[in-house]
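Spelled out, the chains give:
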Amino acid sequence: MLLAFADKVSRSWKQIIYFKPEGDDMKSQPPPAPLEAAPVSIPRGSEVTSDLMGGAAVIEDERGVRLAREQED
């Protein structure tokens, strides 16, 4: 989906559909390699605190994986 705000619609739409990147640098470079996610092993039915998520607790059970709700005092 594209949302474009323009004062002159036909001129702006032409700029969008006829856009060409500057130079031939884009054509000569190969596309970047896709990133691979490292597998994470979490013991089943346990609660683990993750440093990657700012100390949020992650719960994995038969329903799936989710973030634990914070306990109110």
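Up top is the structure.
Cut-offs used in this document
- Each residue is numbered by its place in its chain's sequence as written, counting from 1.
- Local features in a predicted model are, by the rule used here, given only for residues with pLDDT of at least 70; side-chain atom pairs are given and counted only at 80 or more, and totals for whole chains, interfaces and linings are based on all residues.
- Hydrogens and waters are ignored; side-chain quantities use all the structure's heavy atoms.
- Each helix is a run of H or I in the DSSP string that is no shorter than four residues. Each strand is a run of E no shorter than two, and both are numbered from the N terminus.
- Each residue is placed in one exposure class: buried if its accessible area under a 1.4 Å probe, protein chains only, is under 20% of its type's maximum, exposed if it is over 50%, and partly exposed if it falls in between.
- A contact between two residues is defined here by any heavy atoms of the two lying within 4.5 Å.
- Only the protein chains shown count as cover for residues, and the accessible areas themselves come from Shrake-Rupley with a 1.4 Å probe.
- Definition of a polar contact: a pair of N or O atoms within 3.5 Å, with one able to donate and the other able to accept a hydrogen when the atoms are protein atoms, and with sequence-neighbouring residues admitted only if both atoms are side-chain atoms.
- In this description, strands pair whenever DSSP reports at least two bridges between them.

A. Structural view of the overall build of the protein chain. Each helix and strand counted, the protein chain has two helices and three strands in total. Secondary structure elements in the protein chain, listed N-terminal to C-terminal, are α-α-β-β-β. Here the protein chain holds 73 residues, and the buried ones make up 10% of them. When contacts within the protein chain are restricted to residue pairs at least 6 apart in sequence, long-range pairs at least 24 apart make up 0% of them. When the accessible surface of the protein chain is totalled, it reaches about 7,700 Å², and 55% of it is carbon and sulfur.

B. Structural view of the environment of I16. Mapping I16 onto the fold places it in helix 1 (residues 9-17). Here I16 falls in the partly exposed class, since its relative accessible area comes to 36%. The residues touching I16, leaving out its near neighbours within four places in the chain, are L2 and A4.

C. Geometry of the side chain of D61. For D61, the location among the structural elements is in strand 2 (residues 57-61). Here D61 falls in the buried class, since its relative accessible area comes to 14%. Here R63 takes part through its backbone nitrogen, which lies 3.0 Å from a polar atom of the side chain of D61.

D. Structural detail: the pairing of strand 3 (residues 64-67). One ladder, built from four bridges, connects strand 2 with strand 3; its direction is antiparallel. Bridge pairing in strand 3 links I59 to R66. Adjacent in sequence and paired antiparallel, strand 2 and strand 3 are bridged by two residues.

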